[in-house]
Amino acid sequence: MTAIKKLMSALLCLCTLLLCACAGEVSEPDEQHQLKLWYVESAPMAENLVQLAEEFNETHSGYKVVPRAFDSEQKLAAAFDSGHPDLLLCGHERAFALYEQDKLTDLSAALGDGAPEFLSGVDIYSLSVGRSYFPLGAQTQLLYVNGAAFDASKTGAGVGSAAFGTIEALCSIATAYGRSTGEPFMTADSFADIFYNCMLQHGEEFTGDAELDMQSEEYKALYNLLADAAYNHGLRALDGNAARLVEQCGVICALVHSSKLGGELPEGMRVYAFPGVDGGEDMCSAELFGLAVTTRASEKLGGAAEFIKWLCAPARYTAAALDGGCIPLISGASYTGDSALAQALMDIYGGKRLYLASASSGYYKNRDEFDRSFAAALESVSYTHLRAHETELHL
C-alpha cells in the first residue's frame, strides 16, 4: 500500500506541474482570430505600424495582428499567388488598383458609428473605394538643410531663411554657391516630385510624359532654372540617401521625402516646407500611405474594425504619423512637442492645402523613368560646363 500511495502522490505532483505549466503558456489565437498584416520593410510608416500592432496585441484579447515583412514590392505582389493578407500597408495608388480588381473589402458595417474621421480632402480617397482604405499619414517633400554648413559658407553669410522660401531663390543660391566653390549645393530624392510640386502651385499637373509636359511654359521655365543651377555645379543628381548626404556635408540641402526624416533631427539640421513658386498658390502635393482591408474572411471584419478604430484614435494616430515623418490626416490632430520635423509637418497640416494626385494618374507610372532621364540630363549639363571650363583653362 505504501508503494501505491507513493506512486499516486508522484502522479498527482506530475499532474500539478503540467497544469501549472499549461497555465503559464500564452496560447496563440486560432486562424480565425489572426489578422495577417503584410507590408514592405522600406515603406513609410512600416516600422511605426509594427510597433503599434505589438502594442495592440499586448492590450487586447481576442484578435491578434500578425505582421509579415517583405523586402520588395515585387516579392509582396508575388506572395498574393499563394496567400492573402487581411490588411495591407500600401500607397493609395495600389489600394485603388486593388479596388478595381475587386480585392478590397468594405468595412462600413463593422465600423458602425465609430469610423475614423479624416480631413475632408482625404476622406474622398477613403470613400472612393468604400470604407476599405484608411490613410495613416501622407508623405510630402521637405527642404532639409545643414544649417551649420550653410551659415559657415560665404554664400550663406547674412542670408536668412527667406533664401529657402521659393524655388527661384533656392536655385539662385545654388547657382551662386556652385560658381564660387565648384561643389553642389543641393540634390533631391526625386526631381519628378519637384516638378509636380512646382507645377501644382501654378495650377498645372505634371505627368512625367515629356511630350505632354513640354507644352507647358511653366515646365520649360522650371527645367531651365534647374539646368542652369546644374550647369554652374550647384545642383547634382547624386546616388544614395539625400538626407544622409546633407548630414555628411556632401551637399548643403536636399529636397527629400519627409518619411526619410522620421524621429528627431541631428543637431544643426533644419527643415522647411517645400519652397513656394513666384506667383503660385500655397499648396503642396502629398502621397497617402495607409491600411487596405483585403481580408476575404467575414469573421475577421470585426477584428479589423477593432484594430483600425484603436489605431485611429487622434492622439495615437498623430504621434505615429509624425514619428514616421508623415503629415497626420485625422481630424483633430494636435502637437505640443518640440520636434522641428513634427512642427514643420503640423504647419503643413494646418496651413497648406494638400493635393493628392489621382491614384490613376500617369504620374505614378512615369515618375521613376523621368527621374532617371532627368538625372542623366543634369549630369550631361554639368559635364558640358566642366569640359568647357577645362578648354578655357587650356587656351
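Residues numbered from 1 in each chain as written. Predicted model: local features only at pLDDT ≥ 70, side-chain atom pairs only at ≥ 80, totals over all residues. Heavy atoms only, no water.

### Points about the overall build of the protein chain
Here is step 1: Each helix and strand in the protein chain was counted, giving 16 helices and ten strands.
Here is step 2: Across the 395 residues that make up the protein chain, the buried fraction comes to 48%.
Here is step 3: Residue pairs at least 24 apart in sequence account for 78% of intrachain contacts in the protein chain once pairs closer than 6 positions are excluded. (Helix = DSSP H or I, 4+ residues; strand = E, 2+ residues; numbered from the N terminus. Buried < 20%, exposed > 50% of the residue type's maximum accessible area, 1.4 Å probe, protein only. Contact = heavy atoms within 4.5 Å.)

### Concerning the environment of Tyr 63
Here is step 1: Position of Tyr 63 relative to the elements: it lies in the loop between helix H2 (46–59) and strand S2 (64–70).
Here is step 2: It is 8.7 Å that separates the C-alpha atoms of Tyr 63 and Glu 306, two residues lying 243 residues apart in sequence.
Here is step 3: Contacts of Tyr 63, omitting those with residues within four sequence positions, involve Gln 32, His 33, Leu 35, Phe 56, Asn 57, Glu 299, Lys 300, Gly 302, Gly 303 and Glu 306.
Here is step 4: Here Glu 299 takes part through its backbone oxygen, which lies 2.7 Å from a polar atom of the side chain of Tyr 63. (Polar contact = N/O pair within 3.5 Å; in protein donor to acceptor, adjacent residues only side chain to side chain.)

### Some details on the confidence of the model for the protein chain
As a note on interpretation, predicted positions should not be read in detail where pLDDT is low.
Here is step 1: Looking at the protein chain, pLDDT values average 85 and 87% of them are 70 or higher.
Here is step 2: Predicted confidence in the protein chain is weakest over helix H1 (residues 2–24), with a mean pLDDT of 44, and strongest over S2, with 96.
Here is step 3: Contacts for the low-pLDDT stretch residues 385–395, under 50 throughout, to residues beyond four places or in other chains number four contacts. (pLDDT = per-residue confidence, 0-100.)

### Some thoughts on unusual backbone geometry
Here is step 1: Unusually for a residue other than glycine, Asp 102 sits at a positive phi of about 60°.
Here is step 2: In this model, Cys 249 sits at a positive phi of 65°, which is unusual for a non-glycine residue.
Here is step 3: On the basis of relative accessibility, which here comes to 53%, the residue Cys 249 falls in the exposed class.

### As for the packing of H2 against helix H14 (residues 314–323)
Here is step 1: Two elements in contact, H2 and H14, have axes separated by 10 Å at closest approach and are oriented at 145°. Across the interface between the two elements, Asn 48, Leu 52 and Glu 55 of H2 pack against Arg 316, Ala 320 and Asp 323 of H14. (Axes fitted to C-alpha atoms, helices over the stretch in contact; angles between N-to-C directions.)

### Observations regarding the nonpolar core
A general feature of soluble globular proteins is that nonpolar side chains tend to end up buried together.
Here is step 1: Leu 261, Leu 291 and Phe 307 are the most contacted members of the largest nonpolar core, which totals 77 residues.
Here is step 2: In contact with Phe 307, not counting residues within four places along its chain, are Leu 35, Leu 49, Ala 53, Phe 56, Val 65, Leu 87 and Leu 291.
Here is step 3: Grouped together as the second largest cluster of nonpolar side chains are 42 residues, Ala 163, Ala 174, Leu 255 and Leu 378 included. (Core = buried A, V, L, I, M, F, W, Y, C linked by side-chain atoms within 4.5 Å.)

### A short note on the pattern of salt bridges
Here is step 1: Enumeration according to the criterion identifies 13 salt bridges in this entry.
Here is step 2: A salt bridge links Asp 189 to Lys 260, with the nearest nitrogen and oxygen atoms 3.9 Å apart. In this pair, Asp 189 sits in the loop between strand S6 (186–188) and helix H9 (191–201) while Lys 260 sits in the loop between strand S7 (253–257) and strand S8 (269–273), placing the two residues 71 residues apart along the sequence.
Here is step 3: The partly exposed category is assigned to Asp 189, whose relative accessible area is 22%.
Here is step 4: Take Lys 260: its relative accessible area is 39%, and that puts it in the partly exposed class.
Here is step 5: The residue Asp 193 makes a salt bridge to Arg 367 at a minimum N-O spacing of 3.6 Å. Here Asp 193, found in helix H9, pairs with Arg 367, found in helix H16 (residues 362–394); they are 174 residues apart in sequence, far enough to count as distant. The pair Asp 193 / Arg 367 is uniform in exposure class, with both members buried. (Salt bridge = Lys/Arg side-chain N within 4 Å of Asp/Glu carboxyl O.)

### As for a negative patch on the surface
Here is step 1: A surface patch of negative charge is lined by Glu 47, Glu 264, Asp 323 and Asp 338.
Here is step 2: Of note, Glu 264 is situated in the loop between S7 and S8.
Here is step 3: Accessibility expressed as a relative area gives 61% for Glu 264, which makes it exposed. (Patch = residues over 30% accessible without salt bridge, like charges linked within 9 Å, V, L, I, M, F, W, Y side chains within 5 Å. Areas by Shrake-Rupley, 256 points an atom, 1.4 Å probe, with all protein chains shown as cover. Lys, Arg positive; Asp, Glu negative; His and termini not counted. Charge placed at Lys NZ, Arg CZ, Asp CG, Glu CD.)

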